[in-house]
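Spelled out, the chains give:
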Amino acid sequence: MILVTIITILMVAGLIAWLVSRWNVGLAKWIALVAMVIDFLIVCSLWSQYGVGKITGTGSSTWFIDYKTKWIPDFGIGFHLAMDGLSLVLLMLTFFLGILSVLCSWREITDRVGFYFFNLLWTIAGISGVFVAMDLFLFYFFWEVMLIPMFFLIGIWGGERRRYASYKFFIFTQAGGLLMLLSILSLYIIHGQQTGHYSYDYFNLAETRLEPTTAKWIMMGFLIAFAVKLPMVPFHNWLPDAHGEAPTAGSLILAGLLLKTGAYGILRFVLPLFPNAAAEIAWWAILFGVIGIIYGAMLAFAQTDLKRLIAYTSVSHMGFILVGIFSFREIAMQGVVMQMLTHGISTGALFVLAGMIKERLHTRDIDQMGGLWTSMPAMGGAALVFTMASLGLPALGNFIAEFLTLLGAFPAAPKLTILATLGLVFSALYSLRMFQKVFLGNRLTNTKTMDMSPREILIMASLTIAIVLLGLYPQPVINMVKTVANDLAVSHGV
Amino acid sequence: MNELQFNALLPYTLLATASIVVILLIAFRSTHTLIQVVGFLLMCSVIFALVKVRPLLPVTVPPLFQIDGFALLFTGLIICGVAIVGLFSYIYFEEREENPKEYYILLFLSTLGSALLAISNHFVSFFIGLEILSISLYALIGYLRNRNNAVEAGMKYLVLAAMSSAFLLFGMALIYMDTGSMAFQGIADKLNQAHGTSLMFTVGIGIMVVAIGFKLALVPFHLWAADVYQGAPVPVTAFIATVSKIGVFAVLFRFGLAVNLQNYPLVINIFATIAVASMIIGNILALRQSNIKRLLAYSSIAHLGYLIVAFLPGNMAGVEASVFYLLAYSITLLSAFGIITMLSTRSKDAEDIDVYKGLFWKHPLLALVFTVALLSLAGIPLTAGFIGKFYILGAGLQQHLYFPVLVLVLTSVIGLYYYLRVISAMFSAPLPVALREKTTSPLFYNSTYIALVVLAIILVGLGIFPGIVVEDIRTLLTVR
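Now for a description of the structure that goes with this document. (Residues numbered from 1 in each chain as written. Chains lettered and ligands numbered in written order. Predicted model: local features only at pLDDT ≥ 70, side-chain atom pairs only at ≥ 80, totals over all residues. Heavy atoms only, no water.)

**Topic: the overall build of chain A**
Reasoning step 1: Regarding its fold elements, chain A presents 22 helices and two strands.
Reasoning step 2: By the compact-globule yardstick of 23 Å for 494 residues, chain A fits well, its C-alpha radius of gyration being 21 Å.
Reasoning step 3: Considering only intrachain contacts with a sequence separation of at least 6, the fraction spanning at least 24 residues in chain A is 80%.
Reasoning step 4: Here chain A displays about 16500 Å² of accessible surface, and carbon together with sulfur accounts for 66% of that area.
Reasoning step 5: Taking the average place of the 29 positive charges on the side chains of chain A and the average place of its 24 negative ones, the gap between the two points comes to 6 Å. (Helix = DSSP H or I, 4+ residues; strand = E, 2+ residues; numbered from the N terminus. Rg over C-alpha atoms; globule rule 2.2 N^0.38 Å. Contact = heavy atoms within 4.5 Å. Areas by Shrake-Rupley, 256 points an atom, 1.4 Å probe, with all protein chains shown as cover. Lys, Arg positive; Asp, Glu negative; His and termini not counted. Charge placed at Lys NZ, Arg CZ, Asp CG, Glu CD.)

**A word on the overall build of chain B**
Reasoning step 1: For chain B, the count of helices and strands is 20 helices and two strands.
Reasoning step 2: Dimensions along the principal axes, computed over C-alpha positions, put chain B at roughly 70 × 55 × 40 Å.
Reasoning step 3: Per-residue burial for chain B yields a buried fraction of 65% across its 480 residues.
Reasoning step 4: Restricting the contact set of chain B to residue pairs at least 6 apart, pairs at least 24 apart contribute 82%.
Reasoning step 5: Taken as a whole, chain B presents about 16200 Å² of accessible surface, with 69% of it coming from carbon and sulfur.
Reasoning step 6: Of the side chains in chain B, 25 bear a positive and 20 a negative charge, and the two mean positions are spaced by 4 Å. (Buried < 20%, exposed > 50% of the residue type's maximum accessible area, 1.4 Å probe, protein only.)

**So, the layout of surface pockets**
Reasoning step 1: Within this model, the largest pocket holds a volume of roughly 1600 Å³.
Reasoning step 2: Lining the largest pocket are 50 residues, with Leu-15, Trp-18, Phe-118 and Trp-122 of chain A together with Leu-368 of chain B positioned closest to its centre.
Reasoning step 3: Elements supplying a minimum of two residues to the lining of the largest pocket: α1 (2-20), β1 (65-72), α4 (113-132), α5 (136-145) and α6 (147-157) of chain A together with α15 (359-362), α16 (364-378) and α19 (442-464) of chain B.
Reasoning step 4: Tallied by class, the residues present in the lining of the largest pocket amount to 40 nonpolar, seven polar and three charged.
Reasoning step 5: As a volume, the second largest pocket reaches approximately 660 Å³.
Reasoning step 6: Taken together, 24 residues form the lining of the second largest pocket, with Leu-73, Gly-76, Leu-77, Cys-80 and Leu-327 of chain B sitting closest to its centre.
Reasoning step 7: Residue assignment for the lining of the second largest pocket shows that the elements contributing at least two residues are α3 (32-53), α4 (69-94), α14 (316-343), α19 and α20 (467-478) of chain B. (1 Å grid on protein atoms, 1.4 Å probe; cavity = no way out; pocket = protein on both sides within 12 Å on 5 of 7 lines; lining within 4 Å. Points joined across faces, edges and corners; volume = space filled by probe spheres on them. Nonpolar A, V, L, I, M, F, W, Y, C, P; charged D, E, K, R; others polar.)

**Comments concerning a nonpolar patch on the surface**
Reasoning step 1: A cluster of nonpolar side chains, Leu-27, Trp-30, Val-34 and Ile-38 of chain A, forms an exposed patch at the surface whose accessible area comes to about 370 Å².
Reasoning step 2: Residue position: Trp-30 of chain A is located in helix α2 (residues 25-50). (Patch = residues over 30% accessible without salt bridge, like charges linked within 9 Å, V, L, I, M, F, W, Y side chains within 5 Å. Salt bridge = Lys/Arg side-chain N within 4 Å of Asp/Glu carboxyl O.)

**Focus on the environment of Arg-346 of chain B**
Residue and element names in this part refer to chain B.
Reasoning step 1: Mapping Arg-346 onto the fold places it in the loop between α14 and α15.
Reasoning step 2: For Arg-346, a relative accessible area of 46% gives the class partly exposed.
Reasoning step 3: It is 6.2 Å that separates the C-alpha atoms of Arg-346 and Arg-96, two residues lying 250 residues apart in sequence.
Reasoning step 4: Within the local environment of Arg-346, its side chain forms a polar contact with the backbone oxygen of Glu-95, the two atoms lying 2.9 Å apart. (Polar contact = N/O pair within 3.5 Å; in protein donor to acceptor, adjacent residues only side chain to side chain.)

**Overview of helix α12 (residues 265-287) of chain B**
Residues and elements named next belong to chain B.
Reasoning step 1: If you check α12, its first and last C-alpha atoms are 33 Å apart, about what 23 residues at 1.5 Å a residue would give, namely 33 Å.
Reasoning step 2: Of all the positions in α12, only Val-267, Ile-268, Phe-271, Ala-272, Ile-274, Ala-275, Val-276, Ser-278, Met-279, Gly-282, Asn-283 and Ala-286 are classed as buried.
Reasoning step 3: Elements in contact with the buried residues of α12: α9 (199-216), α11 (234-258), α13 (292-311) and α18 (402-427). (Expected span 1.5 Å × (residues − 1).)

**Here's the deal with the pairing of β1 of chain A**
All names here are of chain A.
Reasoning step 1: As paired elements, β1 and strand β2 (residues 77-83) share seven bridges and run antiparallel to each other. Looking at β2, one finds that Ile-72 is bridged to Ile-77.
Reasoning step 2: Connecting β1 to the antiparallel partner β2 that follows it, the hairpin turn spans four residues, and Gly-76 within it adopts a positive phi of roughly 75°. (Pairing = 2+ DSSP bridges.)

**Points about the environment of Met-220 of chain A**
Reasoning step 1: Within the secondary structure layout, Met-220 of chain A lies in helix α9 (residues 212-229).
Reasoning step 2: Residues Met-220 of chain A and Met-92 of chain A, spaced 128 residues apart in sequence, show a C-alpha to C-alpha distance of 30 Å.

**Quick word on the interface of chain A and chain B**
Reasoning step 1: Contacts between chain A and chain B engage 34 residues on the former and 39 residues on the latter.
Reasoning step 2: When the two sides are added together, the surface that chain A and chain B hide from each other amounts to roughly 3300 Å², 81% of it contributed by carbon and sulfur.
Reasoning step 3: Run the count over chain A and chain B and you get zero salt bridges.
Reasoning step 4: At the junction of chain A with chain B, the criterion picks out five residue pairs in polar contact (both at pLDDT 80 or more).
Reasoning step 5: If you list the elements that add at least two residues to the side of chain A that touches chain B, you get β1, α5, α6 and α7 (162-195) of chain A.
Reasoning step 6: Element by element, the count of residues in the side of chain A that touches chain B is highest for α7 of chain A, at 14 residues. (Buried area = accessible area lost by both parts, 1.4 Å probe.)

**Here's the deal with helix α5 (residues 101-119) of chain B**
Reasoning step 1: Here α5 of chain B is 19 residues long and its end C-alpha atoms lie 29 Å apart, about the 27 Å a rise of 1.5 Å per residue gives.
Reasoning step 2: Buried residues dominate α5 of chain B, accounting for 16 of its 19 residues.

**Here we look at empty space enclosed by the protein**
Residue and element names in this part refer to chain A.
Reasoning step 1: Throughout the structure, instances matching the rule amount to eight cavities of 30 Å³ or more.
Reasoning step 2: Of the voids in this model, the largest cavity is the one considered here, and its volume is about 90 Å³.
Reasoning step 3: What lines the largest cavity is simply Leu-306, Ile-310, Leu-350, Leu-353, Ala-354, Ile-357, Ala-383, Thr-387, Met-434, Phe-435, Val-438 and Phe-439.
Reasoning step 4: When residues of the lining of the largest cavity are traced back to their parent elements, those giving at least two are α14 (306-325), α15 (330-361), α17 (377-390) and α19 (414-439).

**Some remarks on the state of the cysteines**
Residues and elements named next belong to chain A.
Reasoning step 1: Taken as a whole and judged by the stated rule, the model has zero disulfides over all chains.
Reasoning step 2: Among the cysteines around Cys-44, which has no disulfide bond, Cys-104 carries the closest sulfur, lying 19 Å off.
Reasoning step 3: For Cys-44, a relative accessible area of 26% puts it in the partly exposed group.
Reasoning step 4: For Cys-104, a relative accessible area of 6% corresponds to the buried category. (Disulfide = S-S within 2.5 Å.)

This is the structure in structure tokens:
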């Protein structure tokens, strides 16, 4: 029930914020913030309840909460929410970034504020729904609920090319989503014909026996949907546009959370539902992951638009996730989850910084920046931390994630893993170039720039604490997902 | 005809009376408002009669009609559709130059035709229903006879519809020659005895497909659609898009189920090809349209293509899916055309996409209703359109119709683009646009407004809880 509450709070708060904004814009912001904080506190209390040392055994006990009720019984659709370690970790990330996304929109959004926060809250509601839905129909439902508000966020409050970016984003993800819908339906029908019991429930469908070729086709439907979201090269095309044109909070949510739903989908659905078919294409998936790592890094190096640059680093970092998942090693799975968290935090932080710079200089072109350190040392310091995080400096979270991933992947595909390691070198190249161009060198603009305001310091400080904490003491997260990672690895016989 | 049959036909007799009542009202010089109100009440009484008739079913009225749950569903859809179209008509025609009263006679007549199609199980009633429907439509389309577009559209429809009727008759004649029967059941019996198809039967069906394809605006018989949608008055467009298609689709389904069309691979392949072509071409033609009425015309070509996918399996799952889809599709299109009516000015229909720029910031509620309608057309979850599409996909996959289903999915992705274009126009920065400044009748303006909001709520409601109607559809379909 608590899971329903979490999602309902967001949806209701979104509606209230929209209505209230007619009379009082400030109140709408506060409502959004309070809703996020309440949800964050709920998830924190869940964490302390089910956290370290309280998980015992495997099997059904991996699920902390399981809530099930009828929704559309005629089709065998249930309203089934459940939470395990993986979901909990991701929910934590969702609401952490959710609070920050409200905070960083505080000044940036000036028109149609109520509708903006409505969309923001509903996107987050959709994302949290995706992380806990255990009925495939419901999952698809939430998958779309997070999509439409995001379309509006990009399309209304985005940059100059917002319309193009929002269409592209929507059509790419929707195409993937519809293929997934076909797969869900096929699975549902095959399961129904086998057992006579028509159901979309994850746990029922997991027992479906599939012919190898059928399994492969059905899996491809899921995989394409998730690969578009992740994004995997060559489906990454929408990402730089969407990230580049979205408002700051939009980029933060896109990079921090939406991409993670792709990774989550692969972990939750592709691997457990189609273990054999997934094993068959593992080498290819790792190959595409490696291509993504290197190609994304190269493109990032060539960008002059700050937000697009950061967007391409996402492509590169998400490659590691693909490599990690398809190596089917427990340690790599833990690395993948870490990568999901740390990439969300570090890239999200970089987008927030880019937003702050854009607010001050009114440009995203890094050729017109330079020497910003002298006028904004605090922001420079924060940027340095996240640039270092992005290039994988030890003691910061990303290092742990990428190290674990590569460690796990090496036995599975040594040659490809060696290539993937090159990604770390490339990431140093683009990260340092970015930092050098923006903050160091000669000052190119005469615009008067203010250093960070207390609100912005609060945002960056909490992000910094999070990334350092994850870098120095990742154990709670690793414990939390231990059983999940173990199950995934075991089901593939490794 | 015994009493039971007479009673069962009550909704249809009432419907026929409606036109006569309107004629009498005109003779007594009633006002537009009175006619509108009486017309609405008559439609309500027809719906009431349908509810009353339900326990008597199924009833056969040999040789022409069969009134069963299937007919009840389709008739209900038709009547509800026409009640809403009638509501839109008031504010639209009240401020047009033409005398609006005779319009209602034609409207109810064509409704009668459409409803007769839903209960016909004989070629004769099929043809008569279709002709009542089409002949009133010629006049309805050209109703604003001083406007060039309207006359052109009316003529175009007249010529093509007359030709398609000829095709239909020819097809029926061939089938009659082959089987010696004009009743659907009789044809089916003959075919069962004959084991296998004769050439004449296949050719007959093929020729009938031309006529049906024309009425449903399926590719390659879709050429009239965009011009007629554009030229006809907005409420009439709404009528063509929903009511007339529901009727034709109903008779197609009844015929298909009666003679087990899915046993004839050649025929099914023809339908599959038409469906695929409609989905692809309809969606592609809509891509570059900036005229909303034309855009909806092309999108309705695509949607009828989706519906034919539900027809292909030829089983009850397909019927269920198509009933639900038609329900969602009619509500959606009615609300879309309602919005167009609301925004049309005296001299010009709100058909240019520029009219919709920034609508959200001026009329948030209308824009939201339109957004919901467009999202439903695009088949996005939370709306009835998604459940409908989902239902069709399920019905198709169950019969292993992988190719049409895949085309359906891919073309709906194409379709997204033009729906999104309209939506993002509504949410873009506002333009100074002349909107309907003053309304001639606040009562009807407001009731249209309320009706639109209710339609949007139903769309979302069905999208989240389709269970409320699915159960009823299932039980009704078992009454046969």
